[in-house]
Amino acid sequence: MQAGLSVGVAIRDISPASPQHLHGYSARDSKSLGIRDPLSLRCLAVGDGQQTVLVICLDMIGVQHHVCQRWYELLEREAGIAFPHILISSTHTHFAPAVQATIYADPATGLVEPDPAYVALVQSQLVGAAREALARQQPAVLETVRVPVPGLLFNRRPRRPDGMVTTSYLYPQDDTELDFLPTDDELVVLRFRGEHGIMGALTNFGCHPVT
């Protein structure tokens, strides 16, 4: 447990207003048909009296370096926080548009440039969330827990006895000669508690391997 922190949280909707190519399944050859669940951008501002950091998490697969660099400059200019005091992360959902050019396996689709209107939406919500999180900072205590979650996931690229690596999207029926290490089955939670209750939380679990 750690006291002496100030914390602010903000959430913004980054669902697209029009059909989009979704990033992640490169064999797709059509755009999205609608929205079942909204996409969100979340921002956590944490300060210790000397330095403030922004932790930003977006519902998308990931953000390439050149886009992050542009966002760092934008946040420094519009919110007053500069890299390296900004962490941009993603939930790695396969059901969201990309904010950078993406190659699709379908030849007719090929290279898809990001929708400028969607990129502008995400950037606007990014700045708004950062400003709100900074403005809403209140005294908070950091609580942490680490919990093992065994048996939930496996490494989908196990190593054979000859040293070669194979790909197993489904757990193989015969695993006697396969080495599935390394895996990380630890769930980490950082929770911020303020005067009126829980303000926000950060979680980390390495679940990109097959579950």
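Residues numbered from 1 in each chain as written. Predicted model: local features only at pLDDT ≥ 70, side-chain atom pairs only at ≥ 80, totals over all residues. Heavy atoms only, no water.

K.L.:
So what exactly am I meant to see when it comes to the packing of aromatic side chains here?
P.N.:
Note on aromatic pairs: each is described by the distance of the centres and the angle between the planes. A full pass over the atoms with the stated rule returns four aromatic pairs. Connected via pairs of aromatic rings, a cluster forms that spans Phe154, Tyr171 and Phe180. (Phe/Tyr/Trp six-rings, centres within 6.5 Å; stacked < 30°, edge-to-face > 60°.)

K.L.:
What am I meant to see in the pairing of strand β4 (residues 86-90) here?
P.N.:
Both faces of the sheet carry side chains from a regular strand, because those side chains alternate between them. In terms of strand pairing, strand β3 (residues 52-58) meets β4 through five bridges, oriented parallel. Among the inter-strand pairings, valine 55 is bridged to a residue of β4, identified as leucine 87. With respect to chirality, the unit in which β3 leads through helix α1 (residues 65-79) into the neighbouring parallel β4 is right-handed. (Pairing = 2+ DSSP bridges. Helix = DSSP H or I, 4+ residues; strand = E, 2+ residues; numbered from the N terminus. Right-handed = clockwise from strand over helix to strand, strands pointing away.)

K.L.:
Honestly, the environment of arginine 70 in this entry has me stumped. Any pointers?
P.N.:
Positionally, arginine 70 belongs in helix α1. Classification of arginine 70 by relative accessible area gives partly exposed; the value is 35%. Taking C-alpha positions, arginine 70 is 27 Å from glycine 200, a pair spaced 130 residues apart along the chain. Among all residues touching arginine 70, those that are not within four sequence positions of it are Val119 and Gln123. (Buried < 20%, exposed > 50% of the residue type's maximum accessible area, 1.4 Å probe, protein only. Contact = heavy atoms within 4.5 Å.)

K.L.:
Quick question: what am I supposed to make of the layout of surface pockets here?
P.N.:
Rolled over the atoms, a probe with the dimensions of a water molecule shows which regions are left empty. Estimated volume of the largest pocket: approximately 600 Å³. Around the largest pocket, the lining is made up of 23 residues, and of these Cys57, Ser89, Ala201, Leu202 and Thr203 lie nearest the centre. Residue assignment for the lining of the largest pocket shows that the elements contributing at least two residues are β1 (2-13), β2 (40-47), β3, β4, β8 (186-194) and β9 (197-204). Ranked by residues supplied to the lining of the largest pocket, first place goes to β9 with five residues. Looking at the lining of the largest pocket residue by residue, the class counts come to 14 nonpolar, eight polar and one charged. Pro16, Leu22, Ser32, Gly34, Ile35, Arg36, Asp37, Leu39, Thr93 and Phe95 are the residues that line the second largest pocket. (1 Å grid on protein atoms, 1.4 Å probe; cavity = no way out; pocket = protein on both sides within 12 Å on 5 of 7 lines; lining within 4 Å. Points joined across faces, edges and corners; volume = space filled by probe spheres on them. Nonpolar A, V, L, I, M, F, W, Y, C, P; charged D, E, K, R; others polar.)

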